[in-house]
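Below are the chains, spelled out letter by letter.
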Amino acid sequence: MKFNLKAVYRQLGVFIKGLFRNCFKKSFCKRIISKGNFYDFPIYIISYNQLDYLKNTISWLRSYGYKNITVIDNHSNYEPLLSYYSNCGCKVIKMKKNYGHKVFYRHPKFWFVRNFKFYCLTDPDLMPVPECPSDFIELFLMIMNDYSEMSKIGFSLKIDDIPDEYDKKDEVISWES
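Let me begin by describing the structure that accompanies this report. Quick caveat: nothing in here was measured; it's all calculated off a predicted structure.

**Some details on the overall build of the protein chain**
Helices and strands together make up the secondary structure of the protein chain, namely 7 helices and 4 strands. Ordering the α and β elements of the protein chain from the N terminus gives α-β-α-β-α-β-α-α-β-α-α. The buried share of the protein chain, reckoned over its 177 residues, is 32%. At a minimum sequence separation of 6, the contacts of the protein chain that also span at least 24 residues come to 63%. With an accessible surface of roughly 12,100 Å², the protein chain has 55% of that area assigned to carbon and sulfur atoms.

**Some remarks on unusual backbone geometry**
Negative phi values dominate among residues other than glycine, just as trans dominates among peptide bonds. Phi is positive for N49, which is not a glycine, with a value near 55°. Mapped onto the fold, N49 is located in the loop between β1 (43–47) and α2 (51–63). Located in the positive-phi region is H75, a residue other than glycine, with phi close to 65°. Relative to the elements of secondary structure, H75 occurs in the loop between β2 (69–73) and α3 (79–85). Here H75 falls in the partly exposed class, since its relative accessible area comes to 42%.

**Here we look at the nonpolar core**
Grouped together as the largest cluster of nonpolar side chains are 25 residues, with contacts concentrated most on I45, L54, I58, L61, Y84, F136 and I137. Looking at this core, the elements that each hand over two or more residues are β1, α2, β2, α3 and α6 (136–146). When residues no more than four places from it in sequence are discounted, the contact partners of F136 are W60, L61, Y66 and F155. Y44, I46, M95 and V103 belong to the second largest nonpolar core, which has 9 residues in total.

**Remarks on the side chain of D73**
Relative to the helices and strands, D73 resides in strand β2. With near-sequence residues (within four places) excluded, D73 lies in contact with S47, L81, Y85, V92, I93, K94 and M95.

**Some thoughts on the sheet that holds strand β3 (residues 91–94)**
The strand order across the open sheet built from 4 strands is β3-β2-β1-β4, with neighbouring strands paired in parallel fashion. The open sheet is flanked by β3 and β4 (120–122), the only strands paired with a single partner. The mean angle between the axes of side-by-side strands here comes to 20°, regardless of whether they run parallel or antiparallel. Sheet topology note: the β1/β2 ladder contains 5 bridges and is parallel. Pairing of I45 across the sheet is with V71, part of β2.

**Regarding the state of the cysteines**
This model, assessed by the stated rule, comprises 0 disulfides. Looking at the unpaired C88, the closest cysteine sulfur is the one in C90, lying at 4.2 Å.

**Topic: the pattern of salt bridges**
When the charged atoms of two side chains lie near each other, side chains of opposite charge can form a pair. For the structure shown, the criterion picks out 2 salt bridges. A salt bridge links D40 to K67, with the shortest nitrogen-to-oxygen separation between them at 3.7 Å. Of this pair, D40 sits in the loop between α1 (5–35) and β1 while K67 is found in the loop between α2 and β2, placing the two residues 27 residues apart along the sequence. Salt-bridge contacts for K169 lead to D164; the nearest nitrogen and oxygen are separated by 2.5 Å.

**Considerations on the packing of aromatic side chains**
All told, the structure shown has 10 aromatic pairs when counted by the stated rule. When the centroid spacing of 5.2 Å and the interplanar angle of 50° are considered together, the rings of Y44 and F104 count as tilted. Within this pair, whereas Y44 is found in strand β1, its partner F104 is found in helix α4 (residues 103–106), the two being separated by 60 residues in sequence. Side by side, Y44 and F104 carry an identical accessibility label, which is buried. Arranged with centres 4.6 Å apart and planes meeting at 40°, the rings of W60 and Y64 form a pair that is tilted. A residue is classified by how much of its surface remains accessible, and W60, at 13% relative accessible area, is buried.

Rules and cut-offs
- Residues numbered from 1 in each chain as written.
- Predicted model: local features only at pLDDT ≥ 70, side-chain atom pairs only at ≥ 80, totals over all residues.
- Heavy atoms only, no water.
- Helix = DSSP H or I, 4+ residues; strand = E, 2+ residues; numbered from the N terminus.
- Buried < 20%, exposed > 50% of the residue type's maximum accessible area, 1.4 Å probe, protein only.
- Contact = heavy atoms within 4.5 Å.
- Areas by Shrake-Rupley, 256 points an atom, 1.4 Å probe, with all protein chains shown as cover.
- Core = buried A, V, L, I, M, F, W, Y, C linked by side-chain atoms within 4.5 Å.
- Pairing = 2+ DSSP bridges.
- Axes fitted to C-alpha atoms, helices over the stretch in contact; angles between N-to-C directions.
- Disulfide = S-S within 2.5 Å.
- Salt bridge = Lys/Arg side-chain N within 4 Å of Asp/Glu carboxyl O.
- Phe/Tyr/Trp six-rings, centres within 6.5 Å; stacked < 30°, edge-to-face > 60°.

Here you go:
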């Protein structure tokens with residue numbers, strides 16, 4: 001019987017990586033919950049030429065007390081947006097090309113964060129409803145801590161106000177539920 005040592009190492013590496021990632025994330029989650037550092041939690045906003053939406057999202061996050069905000073700019077060329085970056089008060093990571101909405105998952109620059117940290121990832125055009133609690137990160141972390149098999153958690157879309165006249169209402173509800 002031929003033994004493929006390379007395949008065994010590959011599988012062992014995947015297992016160890018998964019085990020380490022789960023243990024690391026769980027302990028990281030508990031540490032944040034015990035310290036109450038929810039407002040320093042890393043929040044990444046993917047943006048491409050969206051000045052007004054981005055300003056609104058950053059303003060909303062700041063009004064709730066969040067400080068650790070990073071904008072991932074997908075090679076924008078809108079001059080007012082580029083000017084805004086210099087005084088927005090956030091860390092801005094400027095990509096050398098547009099990687100699209102999956103830049104966080106496609107670019108190796110974010111590999112470590114994706115695999116070994118908790119983070120919040122959003123688009124600038126997704127605004128929470130006014131009823132959203134300011135401690136949403138704390139709530140999400142508590143849920144993640146209780147259900148460690150979950151790999152992501154987030155807001156759902158508000159779909160209870162779709163007009164009955166909209167011909168694709170059932171399709172939207174089915175897709176988003």
